[in-house]
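# A structural walkthrough
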Amino acid sequence: MLRFLTFIIVVVLSNVIQCITGFAGTVLAMPFSVMLVGYSVAKPTLNLLGVVTSIGVIISDYKAINKKEFFKIIGIMLIGIAGGTYITSHFEMNPSLLYKLLGSVVIFFALFDTYLFVKKKTDKRLSTPLALLLLISAGLVHGMFVCGGPLLVTYASDRMKDTKEFRATLSSVWIVLNTIIFFTDIKSGYINGSFFLVFTVLFLFLVLSIIIGRLVSKKMNQKAFLIMSYALMFISGISLFLK
């Protein structure tokens, strides 16, 4: 019972963050949730809650969605997701090693983006090959572990400078991609009676997360938003070493 209550607290806090930034909720919650309730419960539950949270984000900000970037991100990340899903269903792998590798990459980009921010090199622009690599890698990781957010945010922060545009576009991406992953979870047998019981209980607390997150996001300026985003990327990378 204590484990489940702790799981609820983790979900609420992580989804508050998800509402504020449009990313990082799942990747921050996943390591602790896996330890508390196991991978087969944590992955599908956090995935579907992420869909609901993202819907809550774009209800009032849907006009801020960058449609061009939305379709580009979806199209390229789906290639990576297909690869990630194939790998997890056909090959034996060492999840701990892969999480640590991802954590190292995320930490690198968090420090790199912070360096550019401090140096005020706001005119930076990712090259086309690097942008494609980031999006495919984000899709690959998302298909395997539902943790592609930190890699996607490096691309998105380079292409979208407006806070509302950033949040709304990323949230719309997660609605599409996480819905697809939900159907792969059904195929994998993760979706059952126990799942819906856990999800129903957490959904009630999710409403609180969305309300808190929206209130905080309205009071946050662009500079504070960027600082928080980079800090969360770094924390996300560190948390991946706990998996």
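Look up a bit, the structure's there.
Report follows, based on the coordinates.

Criteria and thresholds
Residues numbered from 1 in each chain as written. Predicted model: local features only at pLDDT ≥ 70, side-chain atom pairs only at ≥ 80, totals over all residues. Heavy atoms only, no water. Helix = DSSP H or I, 4+ residues; strand = E, 2+ residues; numbered from the N terminus. Buried < 20%, exposed > 50% of the residue type's maximum accessible area, 1.4 Å probe, protein only. Contact = heavy atoms within 4.5 Å. Areas by Shrake-Rupley, 256 points an atom, 1.4 Å probe, with all protein chains shown as cover. Phe/Tyr/Trp six-rings, centres within 6.5 Å; stacked < 30°, edge-to-face > 60°. Patch = residues over 30% accessible without salt bridge, like charges linked within 9 Å, V, L, I, M, F, W, Y side chains within 5 Å. Salt bridge = Lys/Arg side-chain N within 4 Å of Asp/Glu carboxyl O.

### Some words on the overall build of the protein chain
When its secondary structure is counted, the protein chain shows 10 helices and 0 strands. In sequence order, the protein chain lays out its α and β elements as α-α-α-α-α-α-α-α-α-α. For the protein chain, the spread of C-alpha atoms along the three principal axes comes to 50 × 40 × 30 Å. Among the 243 residues that make up the protein chain, the fraction classed as buried is 52%. For the protein chain, contacts bridging at least 24 residues in sequence account for 84% of all contacts bridging at least 6. In the form shown here, the protein chain has an accessible surface area of approximately 11,500 Å², with 73% of it arising from carbon and sulfur atoms.

### Re the packing of aromatic side chains
In this structure the tally under the stated criterion is 7 aromatic pairs. Between the aromatic rings of Phe 199 and Phe 203, the centroid separation amounts to 6.2 Å while the plane-to-plane angle is 35 degrees, which identifies the pairing as tilted. Remark: Phe 203 and Phe 199 occur in helix 9 (residues 193-218); sequence separation between them is 4 residues, near one turn of the helix. The class for Phe 203 is partly exposed, based on a relative accessible area of 34%. In textbook terms, an aromatic cluster arises when at least three aromatic residues are bridged by ring pairs, as seen for Phe 182, Phe 183, Phe 195, Phe 196, Phe 199 and Phe 203.

### Here's the deal with a nonpolar patch on the surface
On the surface, Phe 203, Leu 204, Phe 205, Val 207, Ile 211 and Leu 215 cluster together into a nonpolar patch covering about 560 Å² of accessible area. Mapped onto the secondary structure, Phe 205 falls in helix 9. In this structure Phe 205 comes out as partly exposed when scored by relative accessible area, which is 35%.

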